[in-house]
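One letter stands for each residue in the lines below.
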Amino acid sequence: MAEHSDILIVIGPASSPVKKGDLAALGLGKAASEKTGGAFDALVLGPHAAEAAAEVAPHGARTVFTLDHPDLATYTAEAYARAAHAFLDGRTYRLIAAATSSSTREYLPRLAVRLDAPMASDVLALDDIALDDVAAGDGTATFTRAVFVGNLLSTVELSGALAIATCRASEFDPPETGAASPVEAVALSDASLAHPRKKFVSTSQAKTERPELTEAEVVVTAGRGTKGPDKGIPLAEELADLLGAALGSTRAVVDAGWLPNEFQVGQTGKIIAPKLYIAIGVSGAIQHLAGMRNSKTIVAINKDPEAPIFEVADFGLVADLFEAVPELIAKVRELRREA
Amino acid sequence: MSLKLLVPIKRTPHRDSRIRIAADGALDTANLKYEVNPFDELAVEEALRIKESAEPFGGGELVVVTVGGEACHQQILAALAMGADRALRVDTDEPLDSAQIARCLAVVVERESPDLVLTGKLAYDDENGQVPAMLAEMLDWPQATQASSVEILDGGKRARVVCEVDSGLDEVELELPAVITADLRLNEPRYASLPGIMRAKRKPLDVMPLADAGDIGGGRARVLSYRELPPKPAGVRVESVDELIGKLQERKLL
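Presented here is an overview of the structure given in this document. (Residues numbered from 1 in each chain as written. Chains lettered and ligands numbered in written order. Predicted model: local features only at pLDDT ≥ 70, side-chain atom pairs only at ≥ 80, totals over all residues.)

Residue and element names in this part refer to chain B. Of all 6 residues making up strand 1 (residues 3-8), 5 are buried, and the element is well covered by its neighbours. When strand 1 meets strand 6 (residues 60-68), the two strands line up parallel, connected through 6 bridges. For L3, the partnering residue across the bridge sits in strand 6 and is G60. Examined bridge by bridge, strand 1 and strand 8 (residues 116-120) share 2 bridges and lie parallel to one another. Looking at strand 8, one finds that L6 is bridged to V117. (Buried ≥ 20, exposed ≤ 12 C-beta atoms within 10 Å, placed from the backbone. Helix = DSSP H or I, 4+ residues; strand = E, 2+ residues; numbered from the N terminus. Pairing = 2+ DSSP bridges.)

Below, the structure is given as structure tokens:
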């Protein structure tokens, strides 16, 4: 049975294959359990829980719990918060955390209210975690977070016996794999988890053969300078395909209807840190920088030498993208042929 | 029926502010300019549009609420100048955490009985984004977050909301009352007109002492300090595509 020193990593709605970010969150679980001297468990929620759990199992959790229920078939924050809460009945943890996603951002606060526990959002690191007096429920957990559109860091302290957090997956690594942990299916006696006044209607997603932004090692992002779907966007797409990269966009490109919202990188959109980030015709508004500034290598191609994107770029090329990108594509293709 | 809309707003440093840190790790607020949190401004705008579209079936009332000290007066005036009907401020200069603020708002909701709470998806300063979902859970209301479109149906009984999610767009339907949060593409907030600014000063503003909110619990999430980002080594300007390729090959990225 779980103890006051144990950590729970929540994955849900789980997908198969499991998202890289969900595996990275296990890294927070492991690091936290090493600090508390406890163990970490994983709770995998949703209709794909069983397949996902098999992928989670080699990553070092003590137990991988799976939980599915008819009301989790389509995602709603209300049902996922209730499911996690029902699972926690009679179980004690020191920290409950999940990778930040559009889902966890909205159901972990609901879970925090249900558990009467404080929460930190989208943490970059766990600095410290301690429980001074178990009986008194007296403890603190401190985290590093990015605030003010990624321009500053803050240290946040959560006090009490239980802390809740979402974590920025790009700042954590999945624990090394080893022998598979036991997987245990949990059955809920609750007849209904859904909120009676909420109904899921539909979901829509652009069809793409390219990797997802949050999964890709290389990202090519098209900015306003690409001038649209009949001009520079196809160049960004061609380069992305050549590099096996995900396609990203800025807010302006989504607002203009050139690419759908799920491609947006930034404070609104995805916050990512791929190995290589190539920004094409991107000016570099702070809201965009907040979403990509931790990328390992940043390349910027922009004809405006004053563009703020150059301040975060490792390699900046001041050039007309309509000349530079076709040249880059041709030369990379040439290199590939030689190799 | 008349539709009642409650829009919680937060006073945040202006979005273009260069935020500095004082020697003790606190924010240096000396020369900061403030505004209505940009995402809350989108919520005010959406509430105004909902109210305007409700004219044929009894109209509506838009109440803005904030939790904070007297300094928030400017932001309340800004929302009233956009067209909100009246305002309520839960008076405190204490730094409250998300759960405490949600608790205050839950008390205001019980008092005001709105059909809909509309607010920003997160605040531009601390970027927690916890209050709306916490409030919804405290009230046991359904929620729709990161909305890019809100449609009120059946004369204010239901709302159909398109939400921006990681995978694309989700459409959900809520029976009111509910909590909805605004995302970037929900609308373009209007500028306050000069008559709007004049009228704002005469609109009702209630101040509720924090004590009237009852037991909001102790603060259990607090910022200990702020610090600058670790410096990043300056990048290099390359002169040609060939040089760029060379640099990427050095890093084994091509």
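Attention shifts here to the sheet that holds strand 10 (residues 158-165) of chain B. Remark on secondary structure: sheet strands pair via backbone hydrogen bonds, oriented parallel or antiparallel. Within the open sheet, the 10 strands sit side by side as 10(A)-11(B)-10(B)-9(B)-12(B)-8(B)-1(B)-6(B)-7(B)-13(B). Their pairing is mixed. Two strands bound the open sheet, and with one partner strand each, they are strand 10 (198-204) of chain A together with strand 13 (205-209) of chain B. Across this sheet, the average inter-strand angle for adjacent strands is 30 degrees, counted without regard to direction. When strand 9 (residues 143-153) of chain B meets strand 10 of chain B, the two strands line up antiparallel, connected through 6 bridges. Counted as the bridge partner of L153(B) is R158(B) from strand 10 of chain B. Against the sheet, helix 3 (residues 98-112) of chain B contacts strand 1, strand 6, strand 7 (86-91) and strand 8 of chain B, and its axis sits at roughly 150 degrees relative to strand 6 of chain B. (Axes fitted to C-alpha atoms, helices over the stretch in contact; angles between N-to-C directions. Contact = placed C-beta atoms within 7 Å.)

Once that is clear, we can look at the environment of V254(A). All names here are of chain A. Inspection of the secondary structure assignment puts V254 in helix 6 (residues 251-255). For V254, a count of 22 C-beta atoms within 10 Å corresponds to the buried category. Between the C-alpha atom of V254 and that of R224, which follows or precedes it by 30 residues, the distance is 9.4 Å. V254 has contacts with S249, L259, P260, N261, F263 and Q264, leaving out every residue within four places of it along the chain.

Turning our attention to the sheet that holds strand 14 (residues 297-302) of chain A. What the 6 strands build is an open sheet, ordered 12(A)-11(A)-13(A)-14(A)-15(A)-15(B); its pairing is parallel. In this open sheet, the two edge strands, each paired with only one partner strand, are strand 12 (246-249) of chain A together with strand 15 (236-238) of chain B. Strand-to-strand twist in this sheet, taken as the mean axis angle between neighbours without regard to direction, amounts to 20 degrees. Where strand 11 (residues 218-222) of chain A lies against strand 12 of chain A, 4 bridges are found, and the strand directions are parallel. Note that in strand 12 of chain A the partner of A222(A) across the bridge is S249(A). Relative to the sheet, helix 5 (residues 233-243) of chain A contacts strand 11, strand 12 and strand 13 (276-280) of chain A, its axis offset from that of strand 11 of chain A by approximately 175 degrees. Its contacts with the sheet place helix 9 (residues 321-338) of chain A against strand 13, strand 14 and strand 15 (315-318) of chain A, and it is angled at close to 130 degrees to strand 14 of chain A.

Read these as spatial facts, not as claims about activity.
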